Amino acid sequence: MAGGEPRWLLEQWVVAHGDAVWFTDLRPDEGGRAVLCRWTAACGAVDAVPAGWSVRSRVQEYGGRPFTVVSADAAVVSRDADQRLYLVTVGPDAPPPRPLTPPRDSRHRYAEGTLVDGEVWCVRERRTGPRTTDVLRDLVAVPLDGDGDTEPRVLGGGGHRFLAGLRVAPDGRHAAWLGWDHPDMPWDAARLRVAPVVDGRLSEHRVLAGGDTEAVCQAEWLDAGTLLALTDPEGWWNPYAIGLDGARRPLWRGEREIGGALWRPGQTWAAPLADGRIALAVTGWYGGQRPGQAPGRGAGPPRHGTRLALLDPARGTLDELDLPYTVWGPVSAAGTTVTGMAASPDRQPALVRVDTATGRADALTGDRYRTPGPGWLPVPEHRRFPVPGAEVHAVVYRPRNPTVAAGAGPPPPLLVVAHGGPTGRVTDALDPETLLFTSRGYAVALVDYGGSTGFGRAWRDRLRGGWGIVDVADCAAVARALADEGTVDADRLALRGGSAGGWTTCAALTSVDTFRCGVAYFPVLDPVAWAEGETHDLESHYLHGLIGPLPAARAGYADRSPTRRAARLAGPLLLLQGEEDPVCPLAPAERFVAALTEARAPHTYLRFPGEGHVFRRVGSIARALDAELTHYASALRPVDPVPRRPAVAAALSRPQPEVRT
């Protein structure tokens, strides 16, 4: 249910290698393909794969890092079309891509490789039967000189249903990796294992960190005998140094998250530098002052976001870099430079390279889409709203359109956004969808309801057993608070979301009367069927924690199902569903629509051929947003004083093509 993350983070992987940076670029205007690119100072960003190729791994359906850099001008990639690994070379005289793994009709998938003695060691996922849970995973070695017919060599190191994060020590004598099992998700309980490497295989392995109430989300070798682990024994993902004997030492402690939900093998929040420091993407509150805490760094009201910081393990100090970015995606380091995807409220997402010796930051890629001008950009307000026993964070945007006088007319309608996951989180990064709505007179509130990451394990666990209740209540509380203070119109409140956020939308509209209408993208709709095999393997036991273990909690599964409560729909619903979605399949959407039709509940249902979990093609995205605007115009009766508005298609298109070869 990770489909609620920002679209700009989809298929965005970054690896710094020497003086170059390799990264993937999602291109909605090219059929939604993900392209491997290489950036160098001499040539800029150039495509590293042939025209028409899409580089994507489908491990765990959400995928993982789909490429491994093997030299200055070569990488091994997972081709989306057949899921085979290929060796690709960049350059004017480069040979065509050469397959390294056998054809398996996409039943074998690979992700997150690392180069070891002329081989790529990685995670392999094998489909073994007709059910979505008929899957086996192992760690394998793929030789770079393979002919495309030889089976990869199994390395060993099993013992877990799910595997990620394979790393080999600098001296080649040990390897470490992460693993977890049903019914846990990786942010619940993930273990760090280590094993000697003997004759090119993994010998007897043991657990160094993690457990039933501790989740390691990343591990990197600091030296041949020490691992850097991002783990949460005290409730927050913080960095620890762990020796081969299991002895651990905290490198820094604090109520900030240095890590996140490991939905995709290969996600990285920490990058060791050549000078012994560690670059970290740190999520938490910045600026202002939180109740009961000392003043934070920076002026102005508090903001919740992610900053790049440098950790000195010897001194235990964490120094934030003074950079104009509030959101960071995956980070990677080479020498003393660190590169990652970054954005802010007034900067579009870009690949940013930081020289940690000088503090200089350079954007290596340009704007992704057109904007109508600075006066149109939505301005975020980070707010906290009281809920029983806690406060819920939300990023609130008021309508903004320079052609309309501020404060003209009655309070605006409000679109509350429930993110996916539900372990996702909201950001204040410049987003064309938010701009589209605020330019048309809508206020927007992005809600970090209970279960969101970035606020520690206790906030994530607040959703345990309460999915469809806690998330609904938090979103409704934000909407009601904004209405009570007069910021928005209490009679014109809407809820929208995708995946888990789509579930929250449908659950809210069939259980509370706060919202006049809703929009749900590829939502979870039938938890009973979900738990009985109507989804993919990774999340097939997810509801064990979100609702409760079966069979004891079966009544709760049925009671919370929007499909079974269709007759209680509080207002018009727009449902948008991809026809090739392996996570939230077409069948439950069809059953929900049938139930709505039978109950004569107002709804609109749109299917999107060729789309899966999250829409990737610009035509699908534009069609969906146009349908949303029509839906809100009908259901919310907006007072529309806006004489000029940016077009949907223009807001989604690139200002100019990238430089490519």
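Residues numbered from 1 in each chain as written. Predicted model: local features only at pLDDT ≥ 70, side-chain atom pairs only at ≥ 80, totals over all residues. Heavy atoms only, no water.

1. Points about the overall build of the protein
Across its full length, the protein carries 10 helices and 37 strands. Each principal axis of the C-alpha atoms in the protein carries an extent, and together these give about 70 × 55 × 55 Å. Looking at the 661 residues of the protein, the share that counts as buried comes to 62%. When contacts within the protein are restricted to residue pairs at least 6 apart in sequence, long-range pairs at least 24 apart make up 59% of them. Accessible area for the protein stands at about 23800 Å²; split by element, carbon and sulfur atoms hold 50% of it. Between the averaged position of the 72 positive side-chain charges in the protein and that of its 77 negative side-chain charges there is a distance of 3 Å. (Helix = DSSP H or I, 4+ residues; strand = E, 2+ residues; numbered from the N terminus. Buried < 20%, exposed > 50% of the residue type's maximum accessible area, 1.4 Å probe, protein only. Contact = heavy atoms within 4.5 Å. Areas by Shrake-Rupley, 256 points an atom, 1.4 Å probe, with all protein chains shown as cover. Lys, Arg positive; Asp, Glu negative; His and termini not counted. Charge placed at Lys NZ, Arg CZ, Asp CG, Glu CD.)

2. Observations concerning the pattern of salt bridges
Summed over all chains, the structure comprises 46 salt bridges. Linking Arg277 and Asp275 is a salt bridge whose minimum nitrogen-to-oxygen distance equals 2.8 Å. The exposure class assigned to Arg277 is partly exposed, which follows from its relative accessible area of 22%. Classification of Asp275 as partly exposed rests on a relative accessible area of 40%. Between Asp474 and Arg462 there is a salt bridge, with the nearest N and O atoms lying 2.6 Å from each other. Taken together, the positions of Asp474 in helix α3 (residues 470–484) and Arg462 in the loop between α2 (457–461) and α3 put the pair 12 residues apart, joining distant regions of the chain. By relative accessible area, which is 1% here, Asp474 ends up buried. One network of salt bridges, with partners in common, ties together Glu61, Arg109, Glu125, Arg127, Arg137, Arg161 and Asp537. (Salt bridge = Lys/Arg side-chain N within 4 Å of Asp/Glu carboxyl O.)

3. Some thoughts on the packing of aromatic side chains
If you walk through the whole model with that rule in mind, you get 15 aromatic pairs. Between Tyr325 and Trp328, the ring centres sit 5.7 Å apart and the planes meet at 70°, which makes this aromatic pair edge-to-face. Classification of Tyr325 by relative accessible area gives buried; the value is 9%. Aromatic ring contacts, followed pair by pair, group Tyr62, Trp187, Trp263 and Tyr542 into a single cluster. (Phe/Tyr/Trp six-rings, centres within 6.5 Å; stacked < 30°, edge-to-face > 60°.)

4. So, the state of the cysteines
Tallied over the entire structure, the rule returns zero disulfides. Cys517 carries a free sulfur, and the closest cysteine sulfur to it, the one in Cys506, is 12 Å from it. In this structure Cys584 is a free cysteine whose sulfur lies 10 Å from that of Cys506, the closest cysteine sulfur available. (Disulfide = S-S within 2.5 Å.)

5. Structural notes on α3
The terminal C-alpha atoms of α3 lie 21 Å apart, and with 15 residues this matches the ideal 21 Å at 1.5 Å per residue to within 8%. For α3, the tally of buried residues reaches 11 of 15 residues, placing the bulk of the element in the interior. Listed as buried for α3 are Val470, Asp471, Val472, Asp474, Cys475, Ala476, Ala477, Val478, Ala479, Leu482 and Ala483. Positive backbone phi, approximately 85°, marks Gly486, located one or two places after α3. (Expected span 1.5 Å × (residues − 1).)

6. Comments concerning the confidence of the model for the protein
Across the protein, pLDDT averages 92, with 93% of residues at or above 70. Segment residues 289–298 is flagged for pLDDT under 50; beyond a separation of four residues in sequence, or across chains, it makes 17 contacts in the model. Taken as a whole, residues 656–661 scores under 50 in pLDDT and shows 12 contacts with residues more than four places along the chain or in a different chain. (pLDDT = per-residue confidence, 0-100.)

7. What to know about the sheet that holds strand β8 (residues 98–99)
With antiparallel pairing, four strands are arranged side by side in an open sheet as β5-β6-β7-β8. Two strands bound the open sheet, and with one partner strand each, they are β5 (67–71) and β8. Note that strand β7 (residues 85–89) and β8 share two bridges and pair antiparallel. Bridge pairing in β8 places Leu87 opposite Arg98. (Pairing = 2+ DSSP bridges.)

8. A closer look at the sheet that holds strand β1 (residues 14–17)
Within the open sheet, the four strands sit side by side as β1-β2-β3-β4. Their pairing is antiparallel. Since the sheet does not close on itself, it has two edges, and those belong to β1 and β4 (44–47), each with one partner. Averaged over all pairs of adjacent strands, the angle between their axes in this sheet comes to 30°, without regard to strand direction. Taken together, the seven bridges between strand β2 (residues 20–27) and strand β3 (residues 33–40) define a ladder with antiparallel strand orientation. The residue bridging Arg27 from the neighbouring strand is Arg33, located in β3. (Axes fitted to C-alpha atoms, helices over the stretch in contact; angles between N-to-C directions.)

9. Notes on the nonpolar core
Core analysis: the largest hydrophobic core is formed by 103 residues, its most contacted members being Leu192, Leu414, Trp467 and Phe515. Beyond its immediate chain neighbours, meaning those up to four positions away, Phe515 contacts Val416, Cys475, Ala476, Ala479, Leu493, Ala494, Leu495, Ala508, Leu509 and Ala570. In terms of nonpolar packing, the next biggest core, distinct from the first, is built from 29 residues, Tyr397, Leu415, Tyr442 and Leu606 among them. (Core = buried A, V, L, I, M, F, W, Y, C linked by side-chain atoms within 4.5 Å.)

10. So, unusual backbone geometry
The amide bond that connects His182 to the next residue, Pro183, takes the cis arrangement and shows omega of 5°. As for its placement among the helices and strands, Pro183 is situated in the loop between β14 (174–180) and β15 (191–198). Although it is not a glycine, Ser106 sits at a positive phi angle of roughly 65°. Mapped onto the elements, Ser106 comes out in the loop between β8 and β9 (108–116). Residue Ser106 is classed as partly exposed on the basis of its relative accessible area of 23%. One non-glycine residue, Val614, adopts positive backbone phi at about 90°. On the secondary structure map, Val614 appears in the loop between β37 (603–608) and α9 (618–636). Take Val614: its relative accessible area is 6%, and that puts it in the buried class.

11. With respect to the environment of Gly158
In this structure, Gly158 sits in the loop between β12 (153–156) and β13 (162–168). Gly158 sits in the partly exposed class, given a relative accessible area of 33%. Gly158 sits 19 residues away from Leu139 along the chain, and the two C-alpha atoms are 7.6 Å apart.

12. Some remarks on the packing of α3 against helix α4 (residues 500–509)
The contact between α3 and α4 brings their axes to 9 Å, and the two run at 80°. Compared by their axis directions, α3 and α4 come out roughly perpendicular. Contacts between α3 and α4 involve Asp471, Val472 and Cys475 from the former and Trp503, Thr504, Ala507 and Ala508 from the latter. Tallied by class, residues from the contact of α3 with α4 come to five nonpolar, one polar and one charged. (Parallel < 35°, antiparallel > 145°, perpendicular 65-115°, else oblique. Nonpolar A, V, L, I, M, F, W, Y, C, P; charged D, E, K, R; others polar.)

13. Looking at the pairing of strand β35 (residues 517–521)
For β35, the tally of buried residues reaches five of five residues, placing the bulk of the element in the interior. Of the two faces of β35, the one lined by Cys517, Val519 and Tyr521 and the one lined by Gly518 and Ala520 are each fully buried. With five bridges connecting them, strand β34 (residues 493–498) and β35 associate as parallel partners. Within β35, the position partnered with Leu495 by the bridge is Gly518. Between β34 and its parallel partner β35, the chain crosses via α4, and the hand of that crossover is right-handed. As paired strands, β35 and strand β36 (residues 573–578) are joined by four bridges and run parallel to one another. Of the residues in β36, the one forming a bridge with Tyr521 is Leu576. (Right-handed = clockwise from strand over helix to strand, strands pointing away.)

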